Structures are given as structure tokens and as C-alpha cells.
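Observations on chain architecture
Below are the chains, spelled out letter by letter.
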Amino acid sequence: MFSDVGGLEILTLIVMAIIIFGPDKLPKLIQDTMGFIRKVRSFADNAKEDIRSELGPEFKDFEFEDLNPKTFVRKQLMGGDEDPLGLKDMKDSLDIRSVLDDKPAAPVNGRSGSVSFEKSGPAPASAGAPLTAGERPPFDPDAT
């Protein structure tokens, strides 16, 4: 939660709190703040339990973190015992270091090949009919 707050910033906040609220009111303020946080957490936990009980027994393992799109996709693609797309085997067989070091990679799905990061020449022109002298290329208004 506070991964980007350093020790100097926390020390500054503590000193400012002592100056603003005074050393006599600060313990009561901290106690009231912690009580408020506890009440909010208990309210959230009770709401989660109410939702789980209303959904029924088939949703007893339901986690609200699964509603996060990243978590949902990760769980559906990489998690569980079933892997209908074969992503786990592909992930296990792919060795990115060998690609970066220009070493031959282990074959993926029985195929071997190499990846090159070298620049190549310009892409070849389309295989359409050659234009005669003075002829304009075809114009596609939907493509522009």
C-alpha cells in the first residue's frame, strides 16, 4: 500500500501530525482512526459474507478478487487442472533466453525454428497487376 513512501516522508508526516494536533490529542486521534478502520473492515467482511450466503452453496468458494479482470483472465488461461489451449505446455517449453542469446530454442509443439531480430529490406509490393506508364494506382476510399 505504501510502497512508494519512504522513511523520510513518514517521519515528516509524524512530525506534522504532532505539530498540528499536539502531543495530547494525537493518541486519541490515532485511536479513533483505528476504530474507524476496524468498523469499515468489519462492514466489508459482513457484506461479503451476506453476498456469499445469498448466492447459495454453489458459490461457497467464490472470491471477490476473481472479479478483477487480470485475476480472472490469469485464472482462466493459466490456472486450474484443465488447459484446453495447451498454454501451460507452450509456456514450459518456451525458452526466451535462448532466443535472446541467439541459441537454438527447444522445439515448441514439435516445430523448430529461429527468430531473427535483424533488419530486413523493404516489404515486397503486392502481387497485383503491374501498372502501365501514366496509369494511377487503384484508390480504395474505405481504406483511407
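In this report, the structure presented in the accompanying data block is examined.

Definitions and cut-offs
Along each chain, the written sequence defines residue order, and numbers are assigned to residues from 1. Reporting of local features is limited, given that this is a predicted model, to residues whose pLDDT is at least 70; pairs of side-chain atoms are given and counted only at 80 or more, and all residues count toward the totals for whole chains, interfaces and linings. Hydrogens and water are ignored here; the side-chain numbers use all heavy atoms of the structure. Strands here are runs of E lasting at least two residues and helices are runs of H or I lasting at least four, both read from the DSSP assignment and numbered beginning at the N terminus. For the exposure calls, accessible area comes from a 1.4 Å probe over protein chains only, and a residue counts as buried if that area is under 20% of its type's maximum, exposed if over 50%, partly exposed in between. The contact definition used throughout considers only heavy atoms, calling two residues in contact when any of these lie within 4.5 Å. Methods summary: accessible areas were calculated by the Shrake-Rupley approach with a probe of 1.4 Å, and residue burial reflects only the protein chains presented. Residues enter patches when they are more than 30% accessible in relative terms and free of salt bridges; like-charged ones are connected within 9 Å and nonpolar ones (Val, Leu, Ile, Met, Phe, Trp, Tyr) within 5 Å. Think of a salt bridge as a Lys or Arg side-chain nitrogen and an Asp or Glu carboxyl oxygen that are within 4 Å of each other. Helix span is expected to be 1.5 Å times the residue number reduced by one. Bend, in this description, refers to the angle at a residue between axes fitted to the seven residues ending there and the seven starting there.

So, the overall build of the protein
Along the backbone of the protein there are four helices and zero strands. The N-to-C order of helical and strand elements in the protein reads α-α-α-α. Within the protein, the proportion of its 144 residues that are buried is 6%. Taking as baseline every contact in the protein between residues at least 6 positions apart, the subset at least 24 positions apart corresponds to 0%. Of the roughly 13600 Å² of accessible surface on the protein, 61% is carried by carbon and sulfur atoms.

Comments concerning a nonpolar patch on the surface
A contiguous nonpolar patch, built from Leu8, Leu11, Val15, Met16, Ile19, Ile20, Phe21 and Leu29 and spanning about 800 Å² of accessible area, is present on the exposed surface. Within the secondary structure, valine 15 is located in helix H1 (residues 7-55).

Some details on H1
Note on helix geometry: an α-helix contains 3.6 residues per turn, so any two residues three or four positions apart are oriented the same way. With 49 residues, H1 ought to run about 72 Å at 1.5 Å a step, yet its terminal C-alpha atoms sit only 45 Å apart, falling short of that. Along H1, the helix axis deviates most sharply at glycine 22, where the bend reaches about 100°; the proline proline 23 sits within four residues downstream. What H1 keeps buried is the set Gly22, Leu26 and Arg52. Of the residues flanking the end of H1, it is glycine 56, one or two places downstream, whose phi is positive at about 105°.

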